[in-house]
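What the coordinates show
Residue strings, one per chain:
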Amino acid sequence: MNRTWQRFKASYLLFSFKQDKTAMLSLAVLLTLLVTGLLAPVFSPYDPYDPANIDIMNSELPPSWTQDGEAAFLLGTDIQGRDLLSTMIYGLRLSILIGCGAVVLQGLLGVVVGLLAGYLGGKIDAVLMRIADIQLSFPYLMVAIFISAIFQLAFGIGRYEDLSVPLLIVIIGLAEWPVYARTVRAAVMGEKNKEYVEAARVIGLNRWRIMFRHVLPNTMTSVLVISTIQVANAVMSEAALSFLGLGMPVTKPSLGSLIRSGFEYIFSGSWWITLFPGIFLVLLVLVINLLGDWLRDVLNPKLYKG
Amino acid sequence: MSHLLEVNDLEVKFGLRQGDLTAINGISFNLDKGERMGLVGESGAGKSVTGFAIINLISKPGFISGGRVIFNGRDLAALSEETMREIRGNHISMIFQDPMMTLNPVLTIGTQMVETLQAHRRITRAEAEAIALEKLKKVQIPSPEKRLAQYPHEFSGGMRQRIVIAIALITDPEIIIADEPTTALDVTIQAEIMDLLQQLCESEDTGLILITHDLGVVSQVTEKIAVMYAGKIVESGLTDRVVNDPKHPYTQGLIKALPGSLQPGARLNQIPGMMPTLTDIPPGCAFNPRCPLCEAICRDQEPPFIPVDHMTRMVACHMVKLDPNMGTR
Amino acid sequence: MFAFVIRRIAQALFVMLIISLVGFSIKNKIGDPIRDLVGERVTPAERELLRDKIGLNDPFITQYLRFAKNAAQGDLGMSFFHKKPALAVIAAKAPATLELVFGAALIIIFISLPIGVFSAIYPRSAFSRFTMAFSTLGVSVPVFLTAIVLIYIFSVELNWLPSYGRGETVSLGGWDSGLFTVDGIMHLILPCFSLASIMLPLFIRLIRSEMMEVLETEYIKFAWAKGLHRKRIWFIHAFKNTLLPVITVFGVQIGIMFAFTILTETVFQWQGMGFMFLEAVERSDISLLVAYLMVVGAIFVVVNTVVDIIYGLVNPTIRIAGRK
């Protein structure tokens, strides 16, 4: 473990990172957001899910620095009287959890499928890739919206809301696995013909071992490269689904649901309910994208275009 | 005596973040009307850069940092882009190595030929097409009328290079710079193309600068030759004389390395070591680490490029300067 | 070339088949055709009778083939809520969405092409760097947020543009168009810009990077060596080669735009297919949902096939490959 740390410290990755101010700033912001979100109970001033904290008389209060604001509610309150800042922090946590969970799911599914298709080839490859291609010919957002609509109808709204976090992870995971499958398959097909694979076969290792212990680690670079975009996409997808009402319910809102509930009130002038969650969301996705750009540039200069 | 093209002390540098690298370190040569000259050397010696430098078309971050390129009395290195545009493709044409990459895949041959003419003269499309057909016939493309509407991928490699030659000749330039024109072609086609190029240059009285690493081709086609090493010309003179009686140790090594003179089964004669990259050119004579005649002065001072052998040869070597007959076979 | 077209069409038909299978399975397992036909107030006994009568107890394959046959003839079932054939409902709402996508596509073409080409030719200029930075930001903002912000600025604060609905439409033989009245066009502006905002950063970057790659090729260098005017080199030699891969991406992105119309139409209360879809979800109108799936699936497949064929026509290396 110590050796790995030593290698990392001396690596090009760290060197290049220290040179790139944008990357460093993005990582700092990302870490702040992650810590704040994941440790929501610690950082948020109130617990927005506790009914005792919510007083409908407090609803729609503007941020504390404006004329009608109150000091107790830093960024104002939403339509139900919940402190906006606290709800946002909890919402941030949901967005992070669902985003990462979905990517882990699509990653596992996609990598295994891609590995099998790329290495075993033949009929398995043809069938798996056909399925992936058909799903890919639909934009992922549409697939996600459809799957969630079906789930909602199948489970009924009540149960759907109860299970929303795992369901959303499954939905977004299922919607995007083909991207991983395709990438890994291409990488595997490139590795398949290299000599270390031949050597492993000659020694007599069985193909599962070769696939998972030898070929797979060498395809991790491409997986890493697309993973950052995928996390950003997953967070955006969850926000979109919640905005449409197909995602997190209003009782346990994510940033997308907050924007939705805020939208209706923008005409009466309560702009903060939409704006602040919006800023949080954009900030989260932006730093992930910036770090992703830097990572792509560092890992494979050929891939980074312009 | 005034030459058609005179390159004087040309210097080309590449401007990198870490500092400037010298790619061409002061070379001089000249070319007269209708003369055919070879520029030989290994990959990386700076031959292609020289070709581009003459028409000031070096890719960034390269730039001409010194010297002059005098063509018809004007210094090309100092002219504006707009004036240079009038010279390129018109008075001085260039042929690149790989004809598949040289021709634009989405434009017809006809378009690519006609546009060259229309860029430099006031001429109607019909007139331009007539000239194009005439040039296609000259490069021996069969049924040229049908060919004008076809795309590059519909031709074989040899045919494509003929088309490129036709494009280069279409404006009746005074000089053609040919950068490794046959390297990317099949061996069987190489001789044909080279013959064609030589024939056309002779009949049209066009000057030719042939950039290549192939000594065999150079011996057949050119009248003069300049040998480059690590950004400098180390020897130049009449092709016949240089190839049969090389004076510079590097040229001698090159000639000896040709397999033609050996018995089958014998080891090939190599020059030990490798040509240095731009970043680690040794002080003094750049060839000194590999040279069998190397002395202390060679490691210290760069040898001057001086005429020897009754002014018929230019050589850059301390040892030859001391004894012009050194190394003669 | 002919073989190429045939192959693409065959692929398209195959995908449609799969889509119809998926659609039918959804309808079968989750939908309730009895309720669609006669409402909710029937006794269980009557239900069973009806089920038999319409053939709901037949094997899966039989039912599917019936469904497919009907679909091919234009019958995609009845919408429970609208009490009309599903296809008719969709047909009525389609023009709104199609005009929205059309408007967004125009905006994308007319903005991303010049900016992309300019940033490729002058990559270090302040303008290029600014656009690149802005585009990373652009990709990070979800479409509905852009829409809301645009509404807030242009509708609520400045009051220049309307914030919902289609405005005045002109009916042209069943097609309700908003393109022919000033009011209609005013209503189109904000939604089209919102929709375009997702794709703009992507296209600007794509065009820029493709063009930069093209500008480094040997044939462009040769064009410079021939002494051609730089405008000709940029806009004829380089541009045509840049466009080819961009066309394919454009086709795929049009499909994606349809997905985002669902979000945009929600924000602007735009009475198009996307809005209809969400209503159908809220009302559990399975027939309409499945019909939407089929129609949108068909649109994607057709658009992708047409784009591939256009690419084959425009790219001489494919078009003429047969001639040899």
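Residues numbered from 1 in each chain as written. Chains lettered and ligands numbered in written order. Predicted model: local features only at pLDDT ≥ 70, side-chain atom pairs only at ≥ 80, totals over all residues.

Here's the deal with the overall build of chain C
What counts is decided by this rule: Think of it this way: any DSSP run of H or I at least four residues long counts as a helix, any run of E at least two long counts as a strand, and we number them from the N terminus. We call two residues in contact when the distance between their C-beta atoms, placed using the backbone, is within 7 Å.
Of regular secondary structure, chain C possesses 13 helices and 4 strands. If you line up chain C on its principal axes, its C-alpha atoms span 85 × 60 × 35 Å. For chain C, the share of sequence-separated contacts (at least 6 apart) that also reach a separation of at least 24 residues comes to 73%.

A short note on the overall build of chain A
Put simply, the rule is: Counting other C-beta atoms within 10 Å of each residue's C-beta, where C-beta atoms are placed from the backbone, gives the exposure class: buried for 20 or more, exposed for 12 or fewer, partly exposed between.
Along its length, chain A carries 14 helices and 0 strands. Listing every helix and strand of chain A by position from the N terminus yields α-α-α-α-α-α-α-α-α-α-α-α-α-α. Burial analysis of chain A (306 residues in total) assigns 44% to the buried set. Long-range contacts, defined here as pairs at least 24 residues apart, represent 69% of the contacts in chain A between residues at least 6 apart.

Comments concerning the nonpolar core
What counts here: We define the nonpolar core as any set of buried residues of the types Ala, Val, Leu, Ile, Met, Phe, Trp, Tyr and Cys, connected via C-beta atoms lying within 7 Å of each other.
In terms of nonpolar packing, the biggest core is built from 226 residues, with Ile 145 of chain A together with Phe 144 and Tyr 292 of chain C touching the most fellow members. Counting residues per element, this core draws most heavily on helix α8 (residues 182–215) of chain C, which supplies 15 residues. Counting residues in hydrophobic clusters, the runner-up holds 18 residues, among them Tyr 119, Trp 177, Val 184 and Val 188 of chain A.

Things to note about the interface of chain C and chain B
To be explicit about the condition: Note on residue categories: nonpolar means Ala, Val, Leu, Ile, Met, Phe, Trp, Tyr, Cys or Pro, charged means Asp, Glu, Lys or Arg, and polar means any other residue, Gly included.
In this assembly, 18 residues from chain C lie in contact with 24 residues from chain B. Those elements that provide at least two residues to the side of chain C that touches chain B are α9 (218–225), α10 (230–268) and α13 (316–319) of chain C. At 5 residues, the largest contribution of residues to the side of chain C that touches chain B is made by α9 of chain C. Split into classes, the residues belonging to the side of chain C that touches chain B amount to 7 nonpolar, 6 polar and 5 charged.

Some points on the confidence of the model for chain C
Keep this limit in mind: Each residue carries a pLDDT score, the predictor's confidence in it, ranging from 0 to 100.
Looking at chain C, the pLDDT average stands at 82 and 92% of residues meet or exceed 70. The ipTM assigned to the predicted complex is 0.87, against a pTM of 0.80.

Looking at the sheet that holds strand β3 (residues 36–40) of chain B
All names here are of chain B. Heads up, the condition is: Pairing between two strands is assigned when DSSP locates at least 2 bridges connecting them. Axis definition: a line fitted to C-alpha atoms, over the contacting stretch in the case of helices. Angles run 0 to 180 degrees between N-to-C directions.
Ordered by their spatial adjacency, 8 strands build an open sheet running β6-β7-β8-β3-β9-β10-β12-β11, and the pairing between neighbours is mixed. Only two strands of the sheet have a single neighbouring strand rather than two, namely β6 (92–95) and β11 (306–308). On average, adjacent strands in this sheet sit at an angle of 20° to one another, irrespective of strand direction. Here strand β9 (residues 224–229) pairs with strand β10 (residues 232–238) via 6 bridges, running antiparallel.

A word on the interface of chain C and chain A
Interface size is often expressed as the accessible area that is lost when the parts come together. Listed by partner, the interface residues are 34 residues for chain C and 34 residues for chain A. Taken together, the elements giving at least two residues each to the side of chain C that touches chain A come down to α1 (2–30), α6 (126–140), α7 (143–157), α8, α10, α11 (273–282) and α12 (286–314) of chain C. Here the element with the most residues in the side of chain C that touches chain A is α10 of chain C; it accounts for 7 residues. For the side of chain C that touches chain A, the residue count by class is 25 nonpolar, 7 polar and 2 charged.

What to know about the packing of helix α4 (residues 109–120) of chain B against helix α7 (residues 157–169) of chain B
Residue and element names in this part refer to chain B. Basically, it comes down to this: Angle categories are assigned with fixed cut-offs, so that under 35 degrees is roughly parallel, over 145 is roughly antiparallel, 65 to 115 is roughly perpendicular, and the rest are oblique. Take the far helix as the reference: if the near one is turned anticlockwise from it by less than a right angle, the crossing is left-handed, and if turned clockwise, right-handed.
For the pair α4 and α7, interaxial distance at closest approach is 9 Å and the crossing angle is 20°. Here α7 runs roughly parallel to α4, going by the angle between their axes. The way α4 lies across α7 gives a crossing that is right-handed. Here Ile 109, Gln 112, Met 113 and Thr 116 of α4 come into contact with α7, specifically with Ile 163, Ala 166 and Ile 167. In terms of residue class, the contact of α4 with α7 is built from 5 nonpolar, 2 polar and no charged.

Overview of the arrangement of the chains
No other pair of the 2 pairs of chains in contact has as many contacts as chains A and C. For chain A and chain B, which are not in contact, the least C-alpha distance works out to 15 Å.

Some remarks on the sheet that holds strand β5 (residues 74–75) of chain B
Residues and elements named next belong to chain B. Taken in spatial order, the 4 strands line up as β2-β1-β4-β5 in an open sheet, and their pairing is antiparallel. Strands at the two margins of the open sheet, each flanked by one partner only, are β2 (19–31) and β5. As paired strands, strand β1 (residues 5–16) and β2 are joined by 10 bridges and run antiparallel to one another. If you follow Glu 11 over to β2, its bridge partner there is Asn 25. Against the sheet, helix α1 (residues 47–54) touches β1, β2 and β4 (62–71), its axis set at about 70° to β2.

Quick word on the pairing of β10 of chain B
All names here are of chain B. The element β10 is extensively covered by neighbouring structure, given that 6 of its 7 residues are classed as buried. Joining the antiparallel neighbours β9 and β10 is a turn of 2 residues, in which Ala 230 adopts a positive phi near 50°. The pairing of β10 with strand β12 (residues 313–315) spans 3 bridges and is classified as antiparallel. Residue pairing for β12: Glu 235 is matched across the bridge by Val 315.

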